[in-house]
Amino acid sequence: MEANKIRDRVLEVTSSGRYPNVPGPILDIGSGASPLLPGAVTVDRQDATVETGNLYQLPFADNSFAMVFSSHTLEDLEDTERALREWARLVKPGGAFVLYLPDKRWYPNIGHPLANLAHKHDWARQEFFELFQRTLPHFSIVLSEDRPPPGGIYDYENRGNIEYSFLHIAKKRTLAPEVTSGSCGRIDCSAPAVHKVWGTGMVYYSCESHVAEIQEKVDNE
Ligand SMILES: [Zn+2]
C-alpha cells in the first residue's frame, strides 16, 4: 500500500511532461527484485552486478538514466554524501532524481527501543532538503513533500501499510563556470558570457548577473 501510493504520486509528478524531460531508462536503487516503477532497471545490495553490495559504486556510465529513483534505502548507508554523489552521477542532464525517505518526525528514531536497526540516519524533510542542496548544487529541487501517516500517528502494528516519509524530486542541471565567447543569452543584455547553462540538449550562455534568471527559464521549459 505504501509502495503503491508513492508509485502513483511519483508517476503523477514525473509524467507531467517536465520530469524527466529526457528519454531514457529508469533506475530503481534498493528495490530488490521488484521495482516500484514499471520497467525500471533495478540494483540492490544483494545484486550480483553490485560488487559486495556496494551502493557507493554502481556499474553504470555517467548520465545514463532519465530517472534515478530510490525508496527507503539511503538512510541505511553510512556515507550519505558519497551515495548521493554516486547516484546523481547516473542522472542525465534534464533527468530526475527521486528519493522517497522516512521522515524522523513520524517513526521511532535511532536509539529508540523500537527503531529500525538498519537505519544509520534520521532526517526530517527540511534537514534532508538542505543536505541535498549542499551536496548536489547542480540539481534543482522541484518537489519536496511531506508524506505523513494518517493523523501524523505512526502505527507500530501496521507500519508496512502506512507512510511516514517525505518525497524529494530534483532535476539535474549543469553549471560550468567556463568563459565563453559571445554575450549573455538574455535579449536585452550584451555583457560577456561567463556561464554555460545546460538545458535539455541545448546550452545557453549567461553573463555573471543573469545566470539565476536564465537557469530558472531553462528549468521551467
Ligand atoms: Zn546578462
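Source: prediction; values computed, not measured.

## Section: the confidence of the model for the protein
For any part of a model where pLDDT is low, the fine detail of the predicted coordinates should not be relied upon.
Here comes step 1: Averaged over all residues, the pLDDT of the protein is 85; the fraction at 70 or higher stands at 89%.
Here comes step 2: Ranking the helices and strands of the protein by mean pLDDT puts helix 2 (residues 80–89) first, with 96, and strand 7 (residues 175–176) last, with 48.
Here comes step 3: Predicted confidence for residues 175–179 stays below pLDDT 50, and this span has seven contacts to residues more than four positions away or in other chains.

## As for helix 2
Here comes step 1: When we look at burial in helix 2, the residues that qualify are Ala83, Leu84 and Trp87. Taken down its axis, helix 2 places every buried residue within 100° of arc, on the same side.
Here comes step 2: Each element contacted by the buried residues of helix 2 is listed here: strand 1 (26–29), strand 3 (65–71), strand 4 (91–102) and helix 3 (125–135).

## Considering the nonpolar core
Here comes step 1: Leu27, Phe65, Met67, Val68, Phe69, Phe97 and Val98 are the most contacted members of the largest nonpolar core, which totals 35 residues.
Here comes step 2: Of all the elements in the fold, those that place two or more residues in this core are helix 1 (2–14), strand 1, strand 3, helix 2, strand 4, helix 3 and strand 6 (165–172).
Here comes step 3: No other element matches strand 4, which puts seven residues into this core.
Here comes step 4: With residues up to four places along the chain from it excluded, the contact list for Phe97 reads Val68, Trp87, Ala88, Val91, Phe139, Ala170 and Lys172.

## Here we look at the pairing of strand 3
Here comes step 1: Most of strand 3 sits inside the fold, with seven of its seven residues counted as buried.
Here comes step 2: Pairing geometry for strand 1 and strand 3, over four bridges, is parallel. Bridge assignment links Ile29 to a residue of strand 3, and that residue is Ser70.
Here comes step 3: Once the chain exits strand 3 it traverses helix 2 before rejoining the sheet at strand 4, and the crossover so formed is right-handed.

Cut-offs and rules
Residues numbered from 1 in each chain as written. Predicted model: local features only at pLDDT ≥ 70, side-chain atom pairs only at ≥ 80, totals over all residues. pLDDT = per-residue confidence, 0-100. Helix = DSSP H or I, 4+ residues; strand = E, 2+ residues; numbered from the N terminus. Contact = placed C-beta atoms within 7 Å. Buried ≥ 20, exposed ≤ 12 C-beta atoms within 10 Å, placed from the backbone. Arc of directions from axis to C-beta. Core = buried A, V, L, I, M, F, W, Y, C linked by C-beta atoms within 7 Å. Pairing = 2+ DSSP bridges. Right-handed = clockwise from strand over helix to strand, strands pointing away.

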